[in-house]
Amino acid sequence: MKNIAVIGSGTMGNGIAHTFAQFGYAVNLIDINADALKKAIDTISKNLDRQVAKGTLSENDKENTLKNLSTHTDLKSAVANVDLVVEAATENIDLKLKIFKDLDAFTKPETILATNTSSISITQIAAVTNRGDKVIGMHFMNPVPIMKLVEVIRGYGTSNVTTNLVMELSQKLDKVPVEVNDYPGFVANRILMPMINEAIYSLYEGVAGVYEIDTVMKLGMAHPMGPLQLADFIGLDVCLAILNVLHQGFGNPKYAPCPLLVNMVTAGKKGVKSGEGFYDYSNGIKEAKVAAKFS
């Protein structure tokens, strides 16, 4: 597999495209918004500059990475001759089903169709295609160029051949692939999201403040980032969507999202992406402070 398409140029999409391109793959980065694509290439270029400054990448490697990237707004033409598609669009089931139905019609029969979904059923996505054996989950972690883990999720009909190819491909990207089965939240978010939700409940119930909760988890449990700050980085809307998938999928009230999280997302407070969540990012991520509502 040498020709890759990545759908979605947001944080995850541009990180996935960056990683494939850095390791020598020709990447078609696809988005319906041309401005978003320009912003994605600018982001990738800046992240490559950071790698060069740290000495983990040469200037020549940076230039070759950028040469491996091309941007597209037309899905049909951009996926016609690729060997693998990685979908990294918004975590919305209706949107993903539409994309995969189109991909099934637009790609070669042998093309593997992967999704970077963090919780939505691979089996459900595969059901709208005629190639269930070639549909799989590739759940990268953020920031993609740095984080080693790739959750490789097998749908009900995913073949051993497809799974093995994706496991091997992930290793070629200098990642550590972990094979898991298709159940709500997979492994990462089935464990992570209840922890984040419990941290939000602790704030909601007045057990402690934002700073205190995050400090306990960082210093007491050696987490590099507190759960409330992590939620801001993931996106509070994404956290809510994943918790809803867990709650609906298992029918267990322990996965019910905290009312505070629901209210914050409804009010447009989505974390870093909106400039405010549990922290205020109006002066930049490095200058973040506990949001006024919680201080």
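The rules behind these values
- Residues numbered from 1 in each chain as written.
- Predicted model: local features only at pLDDT ≥ 70, side-chain atom pairs only at ≥ 80, totals over all residues.
- Heavy atoms only, no water.
- Pairing = 2+ DSSP bridges.
- Helix = DSSP H or I, 4+ residues; strand = E, 2+ residues; numbered from the N terminus.
- Axes fitted to C-alpha atoms, helices over the stretch in contact; angles between N-to-C directions.
- Contact = heavy atoms within 4.5 Å.
- Parallel < 35°, antiparallel > 145°, perpendicular 65-115°, else oblique.
- Core = buried A, V, L, I, M, F, W, Y, C linked by side-chain atoms within 4.5 Å.
- Buried < 20%, exposed > 50% of the residue type's maximum accessible area, 1.4 Å probe, protein only.
- UniProt positions renumbered as here; feature names shortened; annotations may be inferred.
- Left-handed = near helix turned anticlockwise from the far one by under 90°.
- Disulfide = S-S within 2.5 Å.

Caption draft 1: Local environment of the sheet that holds strand 5 (residues 112-115). Read across the open sheet, the eight strands follow the order 3-2-1-4-5-6-7-8; overall the sheet is mixed. Unpaired on one side and paired on the other, strand 3 (69-72) and strand 8 (176-181) mark the two borders of the sheet. Mean inter-strand twist for the sheet, computed between neighbouring axes without regard to direction, equals 25 degrees. Note: strand 5 against strand 6 (residues 135-140), three bridges, orientation parallel. Across the sheet, the residue bridging to Ala 114 is Ile 136, located in strand 6. The sheet contacts of helix 1 (residues 11-22) involve strand 1 (3-7), strand 2 (26-30), strand 3, strand 4 (84-87) and strand 6, and relative to strand 2 the element is tilted by about 165 degrees. Lying over the sheet, helix 2 (residues 34-54) contacts strand 2 and strand 3, oriented at roughly 160 degrees with respect to strand 3.

Caption draft 2: Main features of the packing of helix 9 (residues 210-221) against helix 10 (residues 227-234). Between helix 9 and helix 10, the shortest axis-to-axis distance is 7 Å and the interhelical angle comes to 100 degrees. Viewed along their axes, helix 9 and helix 10 adopt a mutual orientation that is roughly perpendicular. Here Val 210, Ile 213, Asp 214 and Met 217 of helix 9 lie close against helix 10, whose contacting residues are Pro 227, Leu 228 and Gln 229.

Caption draft 3: Representation of the nonpolar core in the model. In terms of nonpolar packing, the biggest core is built from 31 residues, with Ile 16, Phe 20, Val 27, Leu 84, Val 86, Met 138 and Phe 140 touching the most fellow members. The greatest single-element share of this core, amounting to five residues, is contributed by helix 1. Among the nonpolar cores identified, the runner-up in size contains 26 residues, and Ile 196, Ala 199, Leu 228 and Tyr 281 belong to it.

Caption draft 4: The UniProt feature "domain: 3-hydroxyacyl-CoA dehydrogenase NAD binding" (unreviewed entry) in the chain, seen in detail. Mapped onto this structure's residue numbering, the UniProt feature "domain: 3-hydroxyacyl-CoA dehydrogenase NAD binding" (unreviewed entry) falls at residues 3-182. The straight-line gap between the two end C-alpha atoms of residues 3-182 is 27 Å; of that span, 44% is helix and 22% is strand.

Caption draft 5: Here's a closer look at the environment of Gly 8. Structurally, Gly 8 is set in the loop between strand 1 and helix 1. For Gly 8, a relative accessible area of 10% gives the class buried. Remark: the alpha-carbon pair of Gly 8 and Val 86, spanning 78 residues in sequence, is separated by 9.0 Å. Setting aside chain neighbours within four positions, we find Gly 8 in contact with Gly 13, Asn 14, Leu 29, Ile 30, Asp 31 and Ala 88.

Caption draft 6: Here's a closer look at the packing of helix 11 (residues 236-250) against helix 12 (residues 259-266). Running from amino to carboxyl end, helix 11 crosses helix 12 at an angle of 130 degrees, the nearest separation of the two axes being 9 Å. By the angle between their directions, the pair helix 11 and helix 12 is classed as oblique. For the crossing formed where helix 11 meets helix 12, the hand is left-handed. Mapping the contact onto sequence places Leu 236, Asp 237, Cys 239, Leu 240 and Leu 243 in helix 11 and Leu 261, Val 262, Met 264 and Val 265 in helix 12.

Caption draft 7: Molecular detail of the state of the cysteines. Scanning all chains against the criterion turns up zero disulfides. In this model Cys 239 remains outside any disulfide bridge; the closest cysteine sulfur is found in Cys 258, 12 Å from its own. On the accessibility criterion, Cys 239 (0% relative accessible area) is buried. Assessed through its relative accessible area of 0%, Cys 258 is described here as buried.

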